[in-house]
Amino acid sequence: MQKPLIAGNWKMNTTIHEGASLVIKLRELIKSIDSVDVVIAPPSTSIHHLNQLIAGSSIQLAGQNVFWKENGAYTGEISAEMLRAIGCSYVIIGHSERRALFGDTDDRVNKKAHAALKAGLKPIICVGETLEEKESNSTLGKVKGQIMRALAGLKTGSLKELTIAYEPIWAIGTGKSATPETAEEVHNSIRELLYEDYDTAAAKKIRIIYGGSVKPDNIDSLMAQPNIDGALVGGASLNAEDFARIVQFESV
Ligand code: 13P
């Protein structure tokens, strides 16, 4: 089993200066942690600078998005190779905000996952249902469909690089996290789906992390669930003390 993964998605927050002061605080607060993979996903304008500030620490960097082409006339886009070159080891793909606001379809998510792996970036693929889908008992169907389409054509050998982030859309930025039991039920079904589609040893290596209103006061109970391998944190990752406390969850 891999280490747990706690990732902070800063979204479109922080200038380069604000990001630097956040990272300097965070670095100090978690300097003794090596039992968790700690990842931050700042805006791309800050990544290169922050890469210098995390040198010698265990903090790793992620892009918040990637385009699947290697280069060319794609104004505004950033390739996987470019993210690698400024120090990223991970990339978030298919976040619900990108799906809802910027046209990321399952097919695009799949292309981005292929491109990321090819460039040596570890994809964190986000899936999750709306409130309407949850209330009509469609959560598992939605999430399984998103995963199958996102992973189409990926080689078994690359699965160990992959993380799936289950982020129920109704829990993002609302303060209403899924209960640990509800999240565990979905994570367990995702794990079973992966067992059906890939050999068990390969499927076990995929980390399944939870996102949606993760805070210092709910991280311990979420991480106590057997199939929750980490967290993707939005708002609380913008506060160094809160994020440091989340990283240092108490394992039961
Ligand atoms: P919040 O933690 O602010 O709910 O955001 C979750 C999220 O979208 C992380 O990607």
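Residues numbered from 1 in each chain as written. Predicted model: local features only at pLDDT ≥ 70, side-chain atom pairs only at ≥ 80, totals over all residues. Heavy atoms only, no water.

K.L.:
Could you give an account of the packing of helix H7 (residues 139-150) against helix H8 (residues 180-197), naming the residues involved and the relevant values?
P.N.:
At a closest axis distance of 10 Å, the pairing of H7 and H8 adopts a crossing angle of 45°. Between H7 and H8, the crossing angle belongs to the class labelled oblique. For the crossing formed where H7 meets H8, the hand is right-handed. Of the residues in H8, those in contact with Thr139, Leu140, Val143, Lys144, Ile147 and Met148 of H7 are Val186, Ser189, Ile190, Leu193, Leu194 and Asp197. Taken together, the residues of the contact of H7 with H8 break down into eight nonpolar, two polar and two charged. (Axes fitted to C-alpha atoms, helices over the stretch in contact; angles between N-to-C directions. Helix = DSSP H or I, 4+ residues; strand = E, 2+ residues; numbered from the N terminus. Parallel < 35°, antiparallel > 145°, perpendicular 65-115°, else oblique. Left-handed = near helix turned anticlockwise from the far one by under 90°. Contact = heavy atoms within 4.5 Å. Nonpolar A, V, L, I, M, F, W, Y, C, P; charged D, E, K, R; others polar.)

K.L.:
Explain the packing of aromatic side chains to me, using residue names and the numbers behind them.
P.N.:
Each aromatic ring pair is summarised here by two numbers: the centre-to-centre distance and the angle between the ring planes. What the rule picks out here adds up to three aromatic pairs. Here the aromatic cluster, defined as three or more aromatic residues joined through ring pairs, consists of Phe67, Trp68 and Tyr74. The ring centre of Trp170 lies 4.6 Å from the NZ or CZ of Lys134, which sits over that ring. (Phe/Tyr/Trp six-rings, centres within 6.5 Å; stacked < 30°, edge-to-face > 60°. Lys NZ or Arg CZ within 6 Å of the ring centre and 35° of its normal.)

K.L.:
Please provide a residue-by-residue account of the site of the ligand, values included.
P.N.:
Around the ligand, the structure places 13 residues, and the nearest of them are Lys11, His95, Gly173, Ser213 and Gly235. For the ligand, an oxygen atom lies 2.8 Å from a polar atom in the backbone of Gly234. Protein chains bury 96% of the 310 Å² of accessible surface belonging to the ligand in isolation. Tallied by class, the residues present in the shell around the ligand amount to four nonpolar, seven polar and two charged. (Near = heavy atom within 4 Å. Polar contact = N/O pair within 3.5 Å; in protein donor to acceptor, adjacent residues only side chain to side chain. Areas by Shrake-Rupley, 256 points an atom, 1.4 Å probe, with all protein chains shown as cover.)

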